[in-house]
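A closer look at the structure
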Amino acid sequence: MKNRLAATVALAIGVLLLEAAPAFAHVTVDPAEGPKGGSIKLTFRVLNEVAVANTIKFDVKFDENHPIATVSVKPKPGWTPNVIKKPLKAPLQTESGQVTEAVSEITWSGGTIAPQQFDEFEVSVGPLPSDVDLLLFPAVQTYSDGTEVSWTQQSFTGQPAPDHPAPQLKLLTPGTKKAATSSTASTTKTVALAAFAIGTAGLVIGGWAWWNVRRWR
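Let me sum up the structure you'll find in this document.

What counts, and at which threshold
- Residues numbered from 1 in each chain as written.
- Predicted model: local features only at pLDDT ≥ 70, side-chain atom pairs only at ≥ 80, totals over all residues.
- Heavy atoms only, no water.
- Helix = DSSP H or I, 4+ residues; strand = E, 2+ residues; numbered from the N terminus.
- Contact = heavy atoms within 4.5 Å.
- Areas by Shrake-Rupley, 256 points an atom, 1.4 Å probe, with all protein chains shown as cover.
- Pairing = 2+ DSSP bridges.
- Axes fitted to C-alpha atoms, helices over the stretch in contact; angles between N-to-C directions.
- 1 Å grid on protein atoms, 1.4 Å probe; cavity = no way out; pocket = protein on both sides within 12 Å on 5 of 7 lines; lining within 4 Å.
- Points joined across faces, edges and corners; volume = space filled by probe spheres on them.
- Nonpolar A, V, L, I, M, F, W, Y, C, P; charged D, E, K, R; others polar.
- Phe/Tyr/Trp six-rings, centres within 6.5 Å; stacked < 30°, edge-to-face > 60°.
- Buried < 20%, exposed > 50% of the residue type's maximum accessible area, 1.4 Å probe, protein only.
- Polar contact = N/O pair within 3.5 Å; in protein donor to acceptor, adjacent residues only side chain to side chain.

1. Considerations on the overall build of the protein chain
A count of helices and strands for the protein chain gives two helices and twelve strands. In the protein chain, the order of α-helices and β-strands from amino to carboxyl end is α-β-β-β-β-β-β-β-β-β-β-β-β-α. Long-range contacts, defined as pairs at least 24 residues apart, comprise 73% of the intrachain contacts of the protein chain with a sequence gap of at least 6. For the protein chain, the accessible area works out to roughly 12,500 Å², and carbon and sulfur atoms hold 57% of it.

Right under this line is the structure:
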């Protein structure tokens, strides 16, 4: 009887934690803040939140109304990036001269992210726009079963988080003291991944205990 109760509790905890994890663990960009006019490395973190399919493609779009002159993709074994550029309405003046086209979209394909795992995609960008305070990076995550999940909704401070938030980068004027959002976001990601791992372990342990109870009976 005690074994049966323990198995039931373990299964319940696992399910609850797995249900809670996706509320935090979405597609994100790190860091969450960057300097206006500066250069920075951005890391897009993609978590596979489903149990029966692999993530096989990741697509992220760049704000064409606030273009970034230089976007360089870090090579990633197993994945092939497809970088799409579009002509600019007005040339951008950089230290290397005028830029007449900018990256509007990057798609990584060819690799896989298995269930309950995550991966990271890195780009170096700059200079960041100086005429806006926030950049959104709408993304689409494609699974091996054909499902596509769009991460395109904007998040607002003080409001409930949307179901499918887009990765977003807050732009700060150089010299401005950084807010605590970056560390908070990092902590949230850590907690989410821990909850996801614990939930999975709970389901495995609970299933194993339940199977043993049934076999004993």
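2. Digging into the sheet that holds strand 1 (residues 28-30)
One open sheet accounts for four strands, arranged 1-3-8-5; its pairing is antiparallel. The sheet is open, and its two borders are formed by strand 1 and strand 5 (70-73), each paired with just one other strand. Within this sheet the neighbouring strands show an average axis-to-axis angle of 30 degrees, counted without direction. Judged from the eight bridges that link them, strand 3 (residues 40-47) and strand 8 (residues 118-126) form a sheet pairing that is antiparallel. Considered in strand 8, the bridge of L42 is made with V123.

3. Things to note about empty space enclosed by the protein
Inspection of the entire model under this criterion finds two cavities of 30 Å³ or more. Together, F62, D63, H66, I68, L135, L136 and F137 line the second largest cavity. Here the lining of the second largest cavity is built from residues that sort into five nonpolar, one polar and one charged.

4. Observations regarding the packing of aromatic side chains
Per the stated rule, a full pass over the model turns up seven aromatic pairs. Here F58 and W108 contribute two aromatic rings whose centre-to-centre distance is 5.9 Å and whose plane-to-plane angle is 20 degrees, an arrangement assigned as stacked. Here the residue F58 occupies a position in strand 4 (residues 55-61), and W108 occupies one in strand 7 (residues 97-113), the gap between them amounting to 50 residues. Of the two residues, F58 and W108, both sit in the buried class. Plain terms: the ring middles of W79 and F121 are 5.1 Å apart, the flat faces sit at 90 degrees to each other, and that makes the pair edge-to-face. Highlighted residues: W79 in the loop between strand 5 and strand 6 (80-94) and F121 in strand 8, separated in sequence by 42 residues. Overall, the relative accessible area of 0% leaves F121 in the buried class. The structure contains a cluster of three or more aromatic residues connected by ring pairs, namely F44, F58, F62, W79, W108, F121 and F137.

5. Quick notes on the sheet that holds strand 9 (residues 134-136)
If you walk across this open sheet you meet the three strands as 2-12-9, and the pairing is mixed. Two strands close off the open sheet at either side, each with one partner strand: strand 2 (33-35) and strand 9. Strand-to-strand twist of the sheet, defined as the mean angle between neighbouring strand axes without regard to direction, takes the value 30 degrees. Here strand 9 runs beside strand 12 (residues 168-172); their pairing, made up of three bridges, is antiparallel. The partner of L135 across the bridge, within strand 12, is L169.

6. A short note on the pairing of strand 12
Note: strand 2 against strand 12, three bridges, orientation parallel. By the bridge assignment for strand 12, P35 is matched with L172.

7. As for the environment of T147
By secondary structure assignment, the location of T147 is in the loop between strand 10 (139-143) and strand 11 (148-151). Along the backbone, T147 and A53 are 94 residues apart, and their C-alpha atoms lie at a distance of 9.0 Å. Residue contacts for T147: discarding those within four places in its chain leaves Q141 and T142. Within the structure, the side chain of T147 is placed 3.0 Å from the side chain of D145, a separation counted as a polar contact.

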